[in-house]
2 protein chains.
Amino acid sequence: MARLTAIGCGPGDPDLITIKAKKAIDAARTILCPASREDRPSIALSIARPLIDPARGQRVVKLVFPMTRDPAVLEETWDRNAEEMAREVEAAGSAVYLTVGDPYLYSTWMYLHARLARDHPEIEIDVVPGIVSAFMFASRAGMSLAEGAEKLTIVPSCYDLTQVRELARSSDTMVFLKDGQYFGQVIELLREAGYAPDSPLAIGQDLGTERERVTKTTLGEVDADTSQMRYFSILMVRRARNG
Amino acid sequence: MARLTAIGCGPGDPDLITIKAKKAIDAARTILCPASREDRPSIALSIARPLIDPARGQRVVKLVFPMTRDPAVLEETWDRNAEEMAREVEAAGSAVYLTVGDPYLYSTWMYLHARLARDHPEIEIDVVPGIVSAFMFASRAGMSLAEGAEKLTIVPSCYDLTQVRELARSSDTMVFLKDGQYFGQVIELLREAGYAPDSPLAIGQDLGTERERVTKTTLGEVDADTSQMRYFSILMVRRARNG
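Residues numbered from 1 in each chain as written. Chains lettered and ligands numbered in written order. Predicted model: local features only at pLDDT ≥ 70, side-chain atom pairs only at ≥ 80, totals over all residues. Heavy atoms only, no water.

### Some details on helix H1 (residues 19-27) of chain B
Helical geometry: 3.6 residues make up each α-helical turn, so side chains three or four residues apart lie on a common side.
Right, so step 1: If you check which residues of H1 of chain B are buried, you get Ile 19, Ala 21, Ala 24 and Ile 25 of chain B.
Right, so step 2: Looking at the buried side of H1 of chain B, the elements it contacts are helix H1 (19-27) of chain A together with strand E1 (3-8), strand E2 (30-35), helix H2 (43-48), strand E4 (94-99) and strand E5 (124-128) of chain B. (Buried < 20%, exposed > 50% of the residue type's maximum accessible area, 1.4 Å probe, protein only. Helix = DSSP H or I, 4+ residues; strand = E, 2+ residues; numbered from the N terminus. Contact = heavy atoms within 4.5 Å.)

Right, dumping it as C-alpha cells:
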C-alpha cells in the first residue's frame, strides 16, 4: 500500500522538527513540498533541507500553489496538486509532504487531505504534527500562552474586527498572526475590550531569520508606530491579573 | 555560566520530541522533572525516557508539585522547587527540565521561570517548545484546527460557562481540554451559540495510551452520554460553513 506522510516542519529552525518527522523523511522515496511559484523556493523544504541526506537520492517535487483568494483558482489548484501527489506517492510507494508549522493550522494540507481521502482511498495517510509559530514565539518572549483556567484565542490576518472584539472580551490571551499593518487597530481594540495598561504584550517580527526582533512591553506602553510592522509579525497579549 | 533548558516533551509519543530537545537532553548533566508525589512517576520523564542514554549516567531529580489549588501551598511549592532547580543547575553546570506538552501552555514551568529570572539571573535559560495535545489530536482526527481567516480558541477545564458562551459565538473552532465530565454542558452551549448540527466534532480519550479512543461525529449526532467521559479527554468542534 502506498503511504504518504504529511509533516509539520515547524516555524523555521530545522532542530524544531520532531524525531518522528526526521524518521519519515529518511524513509521516504519522494519528498513533496509546496511553493508559490515554480521558480520560487519552498519555505518548508528550506527548513527541512539540513535533515535530508543527498546521498539517498530522493526525488524532490515542488507543488505550485499560487498566492490567490480566487475560489475557482484555489479549487483548481487543490484538485491538480492532490492528483499530482497521488501520482507521485503511487509511483514511489512512500512519500512525505512538507509543510511549514503544523499541517492542520492554516495550511493547504487539509484541502489536499480531503481530496486524497475522497479520490484515493488506496493511499495510506499519516500526519506528523509540527511546532507552530505562536509556541516558538512564547518561548522566545518567555511569556506563557495560558495558565490555569485561562483561555487562549488565535486570530489570523484578515480581521473581522467585530468578532475579534467579542473574543478579546472573553479571552485571557490573544495571539494575532500576521499581518503587522493591522496591529494599530488591534491595540486600540484590546484597550477598549478591558485589557489593563499593565497587560504584558510582545511583538515578534521575522522570527527565525537574521532580522528577528522580539519586543516585550505592556499594552499601556506599546509604541503606536505599528505602521512600521512587517508582514510576518506576531502579537501576543495577556490580560493583566487586575484587568 | 550555568545553563538550564526547559523542554516541551509533547503529548506522549517520544518521537514527537524535537531534535533540539533531544540534543539538549544529551548535553545535560542533570535531568529535572516534575511529579505529583515523591513516590509517583514523572509523566514527562516517562515520555523522554527512550531518548535518555543510561550510559551517560546523568543525574535524574524529581521535583514534587502536589496536586492542589491552595494558593499558599502553590506559592511555597514554586518557591521551593525553583530554589532546588537553581541548586541543581549550579552544581551540574547544565541541566534540562522536562515538561509535558509545551512549557508555556498550562505548565508549571512559567512559575519556576519567573522565580529563576528574578532570584537567579546568573542562570542562562533556554526554552524548547513542544507539541501540545490539541495538535496531536487534530492529526489523529484528520481535522483542521483552523483554515483561512478562522479563529481558534482553546479552553482548559474549570469552565466559566458565561465566557465560554461568548467565545463560542465568535470563534470558528473550539478545543476543550480535559475534563470530560463537562462535555455535556459544552455540547449544549455550542448548539445555543449557533454551531449548526453538521458542525464536525471529535472527541479523544486517553490519547497516546493503549486505551486511546478517537470519535469523529457532528454536533447534531454526538451522543449525549458524555458522563462516560474520562478525565483526560479532549473535544474539538468546527463551525460548519453554513452555521
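### Some words on the domain arrangement of chain A
Residues and elements named next belong to chain A.
Right, so step 1: Partitioning chain A into domains gives domain 1 (3-128) and domain 2 (133-238).
Right, so step 2: Spacing between the C-alpha centres of domain 1 and domain 2 amounts to 30 Å.
Right, so step 3: Counting residues at the interface gives 4 residues for domain 1 and 6 residues for domain 2.
Right, so step 4: Taken together, the two surfaces of domain 1 and domain 2 that pack against each other cover about 450 Å², and 76% of this comes from carbon and sulfur.
Right, so step 5: Three residues stand out in domain 1 for area buried against domain 2, namely Pro 11, Arg 69 and Tyr 106, and they jointly supply 77% of the buried area on that side.
Right, so step 6: For the pair domain 1 and domain 2, the number of links is 0 salt bridges.
Right, so step 7: Taken together, the connections running from domain 1 to domain 2 amount to 0 residue pairs in polar contact (both at pLDDT 80 or more). (Domains from an automatic or database assignment. Buried area = accessible area lost by both parts, 1.4 Å probe. Salt bridge = Lys/Arg side-chain N within 4 Å of Asp/Glu carboxyl O. Polar contact = N/O pair within 3.5 Å; in protein donor to acceptor, adjacent residues only side chain to side chain.)

### Considering the packing of aromatic side chains
For any two aromatic rings, the description comes down to two numbers: the centre-to-centre distance and the angle of the planes.
Right, so step 1: Taken as a whole and judged by the stated rule, the model has 5 aromatic pairs over all chains.
Right, so step 2: Positioned above the aromatic ring of Tyr 195 of chain A, the side-chain terminus of Arg 239 of chain A is 4.1 Å from the ring centre. (Phe/Tyr/Trp six-rings, centres within 6.5 Å; stacked < 30°, edge-to-face > 60°. Lys NZ or Arg CZ within 6 Å of the ring centre and 35° of its normal.)

### Side note on unusual backbone geometry
Right, so step 1: Phi angles above zero are rare outside glycine, and Asp 206 of chain A is one such case at about 50°.
Right, so step 2: Within the element layout of this structure, Asp 206 of chain A appears in the loop between strand E8 (200-205) and strand E9 (213-218).

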